[in-house]
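As a plain string of letters, each chain reads:
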Amino acid sequence: MATETVTSGAVAAIGTTGVSRFAGILRSLRRSPAGFIGFLIVAALVLITAIGPIFTPVLEPNVKEILLPFGSPGHLLGTDNEGKDVLIQMIDGGRSVIFIGFVAAAISTALAIVLGSLAAYLGGWVDSVVVTAADVVLTVPQIVLLAVLGALFRLDSPILLALLVGGLSWPVLTRAIRSQVLSLKEREFVEAARLLDLGTARVVFVEILPNMASFILMNFMIGITNAIYSLVGLYLLGLAPLTGSNWGIMLNRAWIAGAIFNDASIGFILSPVVAITLLLLGLVMMTRSLEEILNPRLRDR
């Protein structure tokens, strides 16, 4: 009876620890200037790209306003090679990039959590299969594999793009989670959970993973930046359908139109670059601050 009481108390404490970490993250970010500024940048971009398209007009080509320079009357960021307003394209084009980045990161993180934790906890042939699969995916350059898949399949759906990018981004985090679980599964509270016969799923996902919440969260943020890099690279190289409007398509069209050689079109090519840079900078600032907040060694410096 005493053993059961102590074990249940340890299990409850572990569960509340994971919840309390997440609850205190935003409060801690407010005490970190860099992290809070990064949070504001990301929140502003998400809000603008999510709500802004509701209020923007439908763009039509206008041959009378082709490549108007930055700061032109009625066109703050100028126009593109079809006479379309760049600012409106910026507002309309961020939604899909941010959506795909977050979904792809969620997919890769979920795959890494499931595969890495089960491989470490179960061991044996499961561990061998997961490690071999991760090594195979890591040996193939991602941009080359994306290029091949982009040539074979019509990547005209945001969900399909997110599945593709996320499905190729799991191996690094999988190996990291595997090493963490290999260490955690030898702890006393895991042995107690095994003695209580709570089942593999309960032990792995309720007892072990909450202790890695901060590590997983930071890697999720990093996964968003990597997914956006991959997505923009696909559009820039013309490996995804260039229909509609997003920041990657704007870069591709600006490059093909030779905007880099035209002083009047500086807003056309730099606007998506600045937007992508701001988004990634905000995410990196949040990640660095979260690392300082959640890592006691860095916090105590």
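Residues numbered from 1 in each chain as written. Predicted model: local features only at pLDDT ≥ 70, side-chain atom pairs only at ≥ 80, totals over all residues. Heavy atoms only, no water.

Caption draft 1: Layout of helix α7 (residues 171-184). Helix length check: α7 (14 residues) gives 20 Å between terminal C-alpha atoms against 20 Å at 1.5 Å per residue, within 8%. Regarding α7, the residues found buried are Pro171, Leu173, Thr174, Ile177, Val181 and Leu184. Along α7, the residues classed as buried sweep out an arc of 150° about the axis, all on the same side. Where α7 is buried, its residues contact α3 (86-122), α4 (124-139), α8 (188-195), α9 (200-208) and α10 (213-236). (Helix = DSSP H or I, 4+ residues; strand = E, 2+ residues; numbered from the N terminus. Expected span 1.5 Å × (residues − 1). Buried < 20%, exposed > 50% of the residue type's maximum accessible area, 1.4 Å probe, protein only. Arc of directions from axis to C-beta. Contact = heavy atoms within 4.5 Å.)

Caption draft 2: Summary view of the pattern of salt bridges. If you walk through the whole model with that rule in mind, you get five salt bridges. Two residues, Asp80 and Arg253, come together in a salt bridge whose shortest N-O distance is 2.8 Å. Within this pair, whereas Asp80 is found in the loop between α2 (33-55) and α3, its partner Arg253 is found in helix α11 (residues 247-256), the two being separated by 173 residues in sequence. Of the two residues examined, Asp80 and Arg253, each falls in the buried class. One salt bridge in this structure joins Lys84 and Glu82, with 3.3 Å as the shortest N-O distance. Here Glu82 falls in the partly exposed class, since its relative accessible area comes to 30%. Overlapping salt bridges, with partners in common, bring together Asp80, Glu82, Lys84 and Arg253 in one network. (Salt bridge = Lys/Arg side-chain N within 4 Å of Asp/Glu carboxyl O.)

Caption draft 3: Expanded view of the UniProt feature "transmembrane region" (unreviewed entry) in the protein chain. Summarizing the sequence annotation, UniProt attributes the feature "transmembrane region" (unreviewed entry) to residues 6-24, 36-55, 97-122, 129-153, 159-177 and 256-284 in the numbering used throughout. This span, residues 129-153, is 88% helix and 0% strand, and a straight line between its end C-alpha atoms measures 27 Å. Strand forms 0% of residues 159-177 and helix 84%; the C-alpha atoms that close the span are 26 Å apart. (UniProt positions renumbered as here; feature names shortened; annotations may be inferred.)

Caption draft 4: Structural detail: the confidence of the model for the protein chain. Here the protein chain averages 80 in pLDDT, and 86% of its residues register 70 or above. Note that residues 1-16 has pLDDT below 50 and, in this model, eight contacts with residues that lie over four places away or in other chains. (pLDDT = per-residue confidence, 0-100.)

Caption draft 5: A look at α10. Given a rise of 1.5 Å per residue, 24 residues ought to cover 34 Å, and the 35 Å separating the end C-alpha atoms of α10 matches this to within 8%. Most of α10 sits out of view: 17 of its 24 residues are buried. Once α10 ends, the next one or two residues include Gly238, with phi positive near 75°.

Caption draft 6: Examining a nonpolar patch on the surface more closely. Together, Ile143, Val144, Val148, Leu152, Phe153, Leu236, Leu237, Trp255, Ile256, Ile260 and Phe261 make up an exposed nonpolar region whose accessible area comes to about 1,200 Å². Residue assignment for the nonpolar patch shows that the elements contributing at least two residues are α5 (142-152) and α11. By residue number, the principal contributor to the nonpolar patch is α5, which donates four residues. As for its position among the elements, Phe153 is in the loop between α5 and α6 (158-167). (Patch = residues over 30% accessible without salt bridge, like charges linked within 9 Å, V, L, I, M, F, W, Y side chains within 5 Å. Areas by Shrake-Rupley, 256 points an atom, 1.4 Å probe, with all protein chains shown as cover.)

Caption draft 7: Molecular detail of the nonpolar core. In terms of nonpolar packing, the biggest core is built from 45 residues, with Met90, Leu161, Ile228, Trp247, Ile276, Leu279 and Leu283 touching the most fellow members. For this core, the elements supplying multiple residues, two or more each, are α2, α3, α5, α6, α10, α11 and α12 (266-294). Non-local contacts of Leu161, meaning those with residues more than four positions away in its chain, are made with Ile100, Leu155, Leu231, Leu234, Tyr235 and Ala240. Listed in part, the 17 residues of the second largest apolar core include Ala112, Tyr121, Val181 and Ala193. (Core = buried A, V, L, I, M, F, W, Y, C linked by side-chain atoms within 4.5 Å.)

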